[in-house]
Amino acid sequence: MLKKQDKFLKLNNQINRLIDSKKFDEAVKQYLNLSKVFKNQNQEEKSRNEELFNKTRIQLLTYQKINEISYALESNNLEMIKSHLNLLEEYLSVPTIKKIVKEHAEKKLKHFTKVYEYKIHKREIERLLKEVYHKIYEENYDGALGMFPKVFEQYNQLIKSFPNEELYKYLTELRDHLKISLLENRPRGKVAQHTKPKE
């Protein structure tokens, strides 16, 4: 039967070989065993292995944070997403992060940040459009049209992340309807009778 120290070193080396081979999911599964072995060591053994354990741990925490962000981005909880992104940046600043993990995480972080910024500007557009619809309801077409510089300012920021031609078409059509309403003084409610764009 392997001594605790030998078992710890064997598991730790095995996990790091998996990390170096980009087999992150397998490494995470093996980490549970490593953590159990580490916790069962006496204080002297823990002190001797703590640095190695923490170095391996931060690699896998970084990978798991990437997975957490992927799931978080499916929601519109922007505060939670931002919190996850900040934690990933903190992990990447740790000096013991392996190059292979750092490169993988930085690539993911760049994409995640673009998605987050897209969602930020999309939410702001939706907020502004609520004001536009309210002004339309009040037949304040001039005021509704006056909101569009702000709307398109947010749209121009949004497309720096990802294009959205359907949203652009919707916004331009709504703006053009408002211009016509100003000229023809259309009755209330006829201006915005086209389908909203998909998310």
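Because the structure is predicted, anything quoted here is derived from the model rather than measured. (Residues numbered from 1 in each chain as written. Predicted model: local features only at pLDDT ≥ 70, side-chain atom pairs only at ≥ 80, totals over all residues. Heavy atoms only, no water.)

Residue placement: Y116 occurs in helix α5 (residues 99-137). As for Y116 and N77, which are separated by 39 residues in sequence, their C-alpha atoms are 9.9 Å apart. If sequence neighbours within four positions are ignored, Y116 has contacts with L73, L78, I81, K82 and L85. (Helix = DSSP H or I, 4+ residues; strand = E, 2+ residues; numbered from the N terminus. Contact = heavy atoms within 4.5 Å.)

Another aspect to go through is the nonpolar core. Core analysis: the biggest nonpolar cluster contains 20 residues, and V132, L171, L174 and L178 have the highest contact counts within it. Mapped onto this core, the elements with two or more residues apiece are α5, α6 (141-145), α7 (148-158) and α8 (165-184). Ranked by the residues each element gives to this core, the list is headed by α5, at six residues. Not counting residues within four places of it along the chain, the set of residues in contact with V132 comprises A144, M147, F148, L174 and L178. Judged by nonpolar contacts, the second largest core, of 19 residues, contains A27, Y31, L60 and I97. (Core = buried A, V, L, I, M, F, W, Y, C linked by side-chain atoms within 4.5 Å. Buried < 20%, exposed > 50% of the residue type's maximum accessible area, 1.4 Å probe, protein only.)

The N-to-C vectors of helix α3 (residues 43-72) and helix α4 (residues 78-92) enclose an angle of 160°; their axes lie 10 Å apart at closest approach. In this view, α3 runs roughly antiparallel relative to α4, as classed from their interaxial angle. Note on packing geometry: the crossing formed by α3 with α4 is left-handed. From α3, I58, L61, T62, K65, I66, E68, I69 and A72 reach across to α4, where they touch M80, I81, H84, L85, L87, L88, Y91 and L92. (Axes fitted to C-alpha atoms, helices over the stretch in contact; angles between N-to-C directions. Parallel < 35°, antiparallel > 145°, perpendicular 65-115°, else oblique. Left-handed = near helix turned anticlockwise from the far one by under 90°.)

In this model, helix α2 (residues 24-39) (16 residues) spans 22 Å end to end at C-alpha, consistent with the 22 Å of a helix rising 1.5 Å per residue. At Q30, α2 shows its maximal kink, close to 25°. Within α2, burial applies to F24, A27, V28, Y31, L34, S35, V37 and F38. (Expected span 1.5 Å × (residues − 1). Bend = angle between axes of the 7 residues up to and from the residue.)

With that settled, the discussion passes to the side chain of N164. On the secondary structure map, N164 appears in the loop between α7 and α8. Within polar-contact distance, the side chain of N164 engages the side chain of Y118 at 2.7 Å. (Polar contact = N/O pair within 3.5 Å; in protein donor to acceptor, adjacent residues only side chain to side chain.)

On to the packing of α4 against α5, then. Between α4 and α5, whose axes approach to 10 Å, the crossing angle comes to 155°. Comparing the axis directions of α4 and α5 gives the class roughly antiparallel. Between α4 and α5 the crossing geometry is left-handed. Contacts from L78, E79, I81, K82, L85, L88, E89 and L92 of α4 reach α5 at K102, A105, E106, L109, F112, Y116, K119, I120 and R123. Across the contact of α4 with α5, the residue classes tally to 10 nonpolar, no polar and seven charged. (Nonpolar A, V, L, I, M, F, W, Y, C, P; charged D, E, K, R; others polar.)

So, about the packing of aromatic side chains. Going through the model one piece at a time under the given rule, you end up with nine aromatic pairs. Measuring from centroid to centroid gives 6.2 Å for F152 and Y168, while their planes differ by 75°, and the two rings are edge-to-face. Taken together, the residues span a long stretch of sequence, with F152 in helix α7 and Y168 in helix α8 at a distance of 16 residues. The class for F152 is buried, based on a relative accessible area of 13%. According to the relative accessible area criterion, Y168 is partly exposed, its value standing at 41%. By the ring-pair criterion, three or more aromatic residues cluster together here, those being F8, Y31, F38 and F53. (Phe/Tyr/Trp six-rings, centres within 6.5 Å; stacked < 30°, edge-to-face > 60°.)

Purely spatial values, then, with no claim about function.
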